[in-house]
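Fold and contact review
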Amino acid sequence: MEEDLFPSAMSQNTRSELEEERRLFYVALTRAEHQAYLTYAQSRYRWGKLVDSEPSRFIEEITGKYLEYLTPVETNYRYKPMVNTDIFGDVDKSKLRQSKPVAGTPPKWVTGDEPKHDMPIRRLKPMAGNGPAPSSGPAMPDSKLQPGNIVIHERFGKGKVLNLEGVGADRKAEIHFEVGGIKKLLLRFAKLDVIG
């Protein structure tokens, strides 16, 4: 229950839109019948930024005798972190590094004497954009597959191809299997064997 969420920031353009949000809030509260918990966050990430949240105006419009605050209401509201920094104890300032080290021995991998890791380095072959897919990946769809073909699938068993749609890696087949009925399968992952 925060401003710009409920009521929504987009509903605050006209009075009628705001009244519609207020009506929705009233309907939600009356559905609760006996008790409802209304919550709001002190801050939240919106569009990648941490922003302070403000309680919804709808909470303030409720008569005080119907409200029971579980946390104290603050008059000068501001962001407070959830974690109390006192749990970490005092920091020993003498152990903090104030500047870059000017002397010392860098790790061996920085000097080039030894590799960074024990694993052998593997070179990957570049793949052309329109070239064939690597053989280790999923099988490419069989271009000879036609409606009416009889196929075998390892899970659904024997089936008849009803329809084909799409092109290339997005090609799909609609197949009526003896076990499982009609299924739509993406051919590059289906692993079908054509038997007729």
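Basis of the calculations
Note that residues are indexed from 1 along each chain, following the sequence as it is written. Local features in this predicted model are restricted to residues whose pLDDT is 70 or higher, and side-chain atom pairs enter the listing and the counts only when it is 80 or higher, whereas totals over whole chains, interfaces and linings include all residues. To obtain the side-chain values, all non-hydrogen atoms of the structure were included, while hydrogens and water were left out. Numbered from the N terminus, helices here are DSSP runs of H or I no shorter than four residues, and strands are runs of E no shorter than two. Exposed residues in this analysis have more than 50% of their type's maximum accessible area, buried residues have under 20%, and partly exposed residues fall in between, with area computed by a 1.4 Å probe over protein chains only. When checking whether two residues touch, look at their non-hydrogen atoms; a contact exists if any pair is within 4.5 Å. Areas reported as accessible are Shrake-Rupley estimates using a 1.4 Å probe. Residue values count occlusion only from the protein chains shown. A carboxyl oxygen of Asp or Glu within 4 Å of a side-chain nitrogen of Lys or Arg is what we treat as a salt bridge. Between any two strands, at least two bridges found by DSSP are needed for them to pair. pLDDT runs from 0 to 100 and stands for how confident the predictor is about each residue. Only buried Ala, Val, Leu, Ile, Met, Phe, Trp, Tyr and Cys residues count toward a nonpolar core, and they belong to the same one when joined by side-chain atoms within 4.5 Å. Aromatic rings from Phe, Tyr and Trp, taking only the six-membered ring of Trp, are treated as a pair when their centres fall within 6.5 Å; an angle between ring planes under 30 degrees marks them as stacked, one over 60 as edge-to-face, and anything in between as tilted.

Here the focus is the overall build of the protein chain. The number of helices and strands found in the protein chain is 4 helices and 7 strands. When the elements of the protein chain are put in sequence order from the N terminus, they spell out α-β-β-α-α-β-β-β-β-α-β. Of all 196 residues assigned to the protein chain, the portion counted as buried reaches 17%. In the protein chain, 44% of the contacts between residues at least 6 apart in sequence involve partners at least 24 apart. Approximately 16,900 Å² of the protein chain is accessible, and the part contributed by carbon and sulfur atoms is 53%.

Once that is clear, we can look at the pattern of salt bridges. This model, assessed by the stated rule, comprises 6 salt bridges. In this structure, Arg22 engages Glu19 in a salt bridge whose closest nitrogen and oxygen atoms are separated by 2.5 Å. Placement of both Arg22 and Glu19 in helix α1 (residues 15-32) is noted, with a separation of 3 residues, approximately one turn of the helix. A relative accessible area of 35% places Glu19 in the partly exposed class. One salt bridge connects Arg22 with Glu61, and the closest N-O pair in it is separated by 2.8 Å. Separated by 39 residues along the polypeptide, Arg22 in helix α1 and Glu61 in the loop between α2 (57-60) and α3 (108-111) bring together distant segments of the chain. Taking relative accessible area as the criterion, Glu61 reaches 43% and is therefore assigned partly exposed. Connected through salt bridges with shared partners, the residues Glu19, Arg22 and Glu61 form a single ionic network.

A word on the pairing of strand β5 (residues 172-177). Only one face of β5 is buried, namely the one carrying Ala173, Ile175 and Phe177, since none of Lys172, Glu174 and His176 on the opposite face is buried. For strand β4 (residues 157-165) and β5, the ladder comprises 6 bridges, and the chain directions are antiparallel. Bridge assignment links Leu164 to a residue of β5, and that residue is Ala173. The turn joining β4 and β5, which pair antiparallel and follow one another in sequence, is formed by 6 residues; a positive phi near 85° is taken by Gly166. Pairing geometry for β5 and strand β6 (residues 181-186), over 6 bridges, is antiparallel. Bridge pairing in β6 places Lys172 opposite Leu186.

Tracing the backbone shows Lys144 in the loop between α3 and β3 (150-153). Accessibility expressed as a relative area gives 69% for Lys144, which makes it exposed. For Lys144 and Val194, which are 50 residues apart along the polypeptide, the C-alpha to C-alpha distance reads 9.3 Å.

Turning our attention to the confidence of the model for the protein chain. Summary statistics for the protein chain give a mean pLDDT of 76 and a share of 66% for residues scoring 70 or more. Contacts of residues 132-141 to residues separated by more than four positions or lying in other chains number 12 contacts, the stretch itself having pLDDT below 50.

A separate point is the nonpolar core. In terms of nonpolar packing, the biggest core is built from 12 residues, these being Leu145, Val151, Phe156, Val161, Leu164, Ala173, Ile175, Phe177, Leu185, Leu187, Ala190 and Leu192. At the level of elements, β4, β5 and α4 (187-190) are the ones that each hand at least two residues to this core. Examining the composition of this core, we find that 3 residues originate from one element, β5, more than from any other. Of all hydrophobic cores here, the second largest spans 6 residues; its members include Leu18, Phe25, Ile59 and Ile62.

Another aspect to go through is the packing of aromatic side chains. The tally for this structure, following the rule as stated, stands at 4 aromatic pairs. Aromatic pair Phe25 and Phe58: ring centres 5.5 Å apart, planes at 20°, arrangement stacked. With Phe25 in helix α1 and Phe58 in helix α2, this residue pair connects regions lying 33 residues apart in the sequence. Accessibility classification places Phe25 together with Phe58 in one group, the buried group. Look at Phe156 and Phe177: their rings are 5.2 Å apart centre to centre, the planes differ by 35°, and that puts the pair in the tilted class. Taken together, the residues span a long stretch of sequence, with Phe156 in the loop between β3 and β4 and Phe177 in strand β5 at a distance of 21 residues. Phe177 matches Phe156 in its accessibility class, with the two residues each being buried. Ring-pair connections join several aromatic residues into one group, and the members of that group are Phe6, Phe25 and Phe58.

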